[in-house]
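Letter by letter, the chains look like this.
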Amino acid sequence: MVQDLSKIEETITESSAWEKVKDFLGMHIDFTKDISISIFDIIVLITVIFITTIILRIILRILTRNLPEDDKGKFNVVYGYFRWLIYLIIFLITLHSVGVNVTAVFAASAALLIGVGLALQTLFQDIISGVFILIDQSVHVGDIIEIDNKVGRVEEIKLRTTRAVTIDNKVLVIPNHLYLTNSLYNWTQNGTLTRESVEVGVAYGSDVQLVKKLLLQAASTHNAVISEPEPSVIFTDFGDSSLNFKLIFTLADSFKAQFPKSDIRFEIDRLFRENNVTIPFPQRDIHIIEK
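Described in the following lines is the structure provided in the data block. (Residues numbered from 1 in each chain as written. Predicted model: local features only at pLDDT ≥ 70, side-chain atom pairs only at ≥ 80, totals over all residues. Heavy atoms only, no water.)

What follows is about the pattern of salt bridges. Pairs may arise between side chains of opposite charge once their charged atoms sit close together. Per the stated rule, a full pass over the model turns up 6 salt bridges. Residues Glu-196 and Lys-261 are paired through a salt bridge, measuring 3.8 Å at the closest nitrogen-oxygen approach. With a gap of 65 residues between them, Glu-196 in strand 8 (residues 194-202) and Lys-261 in helix 8 (residues 258-274) connect regions that are remote in the sequence. Neither residue differs from the other here; Glu-196 and Lys-261 are each classed as buried. A salt bridge links Arg-273 to Asp-269, with the nearest nitrogen and oxygen atoms 2.9 Å apart. You can see Arg-273 and its partner Asp-269 sitting in helix 8, 4 residues apart, about one turn around the helix. Residue classification places Arg-273 among the exposed positions, given a relative accessible area of 63%. Connected through shared salt-bridge partners, Glu-267, Arg-270 and Glu-274 make up one network. (Salt bridge = Lys/Arg side-chain N within 4 Å of Asp/Glu carboxyl O. Helix = DSSP H or I, 4+ residues; strand = E, 2+ residues; numbered from the N terminus. Buried < 20%, exposed > 50% of the residue type's maximum accessible area, 1.4 Å probe, protein only.)

Ranked by internal contacts, the top residues of the largest apolar core, which has 21 residues, are Leu-215, Phe-245, Leu-247, Phe-249, Ile-268 and Phe-272. Elements that contribute at least two residues to this core include exactly strand 8, helix 7 (208-220), strand 10 (243-251) and helix 8. Apart from the residues within four sequence positions on either side, Phe-272 is in contact with Val-200, Val-202, Val-211, Leu-214, Leu-215, Val-277 and Ile-279. Ile-157, Ala-164, Leu-178 and Tyr-179 belong to the second-largest nonpolar core, a separate cluster that totals 11 residues. (Core = buried A, V, L, I, M, F, W, Y, C linked by side-chain atoms within 4.5 Å. Contact = heavy atoms within 4.5 Å.)

Turning next to the environment of Pro-260. With respect to the helices, strands and loops of the structure, Pro-260 is situated in helix 8. Separated by 38 residues in sequence, Pro-260 and His-222 have C-alpha atoms that sit 7.5 Å apart.

Another aspect to go through is the side chain of Lys-261. By relative accessible area, Lys-261 is classed as buried at 18%. Other than its neighbours up to four places away in sequence, Lys-261 contacts Glu-196, Ser-197, Val-198 and Phe-249.

Alignment of strand 9 (residues 232-238) against strand 10, held across 6 bridges, turns out to be antiparallel. Paired with Ser-232 across the strands is Ile-248, a residue of strand 10. Taking the residues that link successive antiparallel strands as the turn, the strand 9-strand 10 hairpin has 4 residues. (Pairing = 2+ DSSP bridges.)

So, to be careful, I would describe these as geometric facts and stop short of saying anything about function.
Below is the structure:
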């Protein structure tokens, strides 16, 4: 008899505890008169988002399993762009499934969304531009780019910006929308080899064949200059005070082109001095007319 009474008490206690849990889960949070959500609904939302995260990670691993490392990095970036959109869609579908008036949610947040949209126009432009960069492959990690007269080696293409490092080891943060509104020069789109040049003028009356020989010598003796294709010299113009030449050569690392170009200029100056070739300065003849 005593055991039966204790079992009945336990049953009543358990029933009372379950009723409390049910009451707690059934508590509603009223955001507006049309939008109300219970604790149970919030738990369902959190569970669905958690499951969605796991599923997205599994899908990402399956899709990138056989991709090369470079392509895998690009795919991860695209995945980052659309992950939050998927979360938003799942969130709204779940709200609708648990009985929340999604139309009321949109109506209540319409003014806020308009304000946020206007404030985030540039952000959306950056994100869309980032997608275009990955689709048309105009820029890759490791490329040397020039934009707004700034040159850098691309280190990372992110959701909103591209991060590059300049020759001075300064970080250049480029908003992605600038790729659509500015001219972009990709120095390494066709490979790491680039054609560089050094221009110089010599005095009228100089032996142009000797000048050509010395210019080619200055380029070919530098260890950073690629032998194939061979350096070449172009007689560009008869200037006001000089005969103008352009020395063209190929470098393997155009990112540091300023250093071999400087060395070549030093060598040209030395060779010209040894061979009595003059680099003129601008001259003007002034005629004074006496009246």
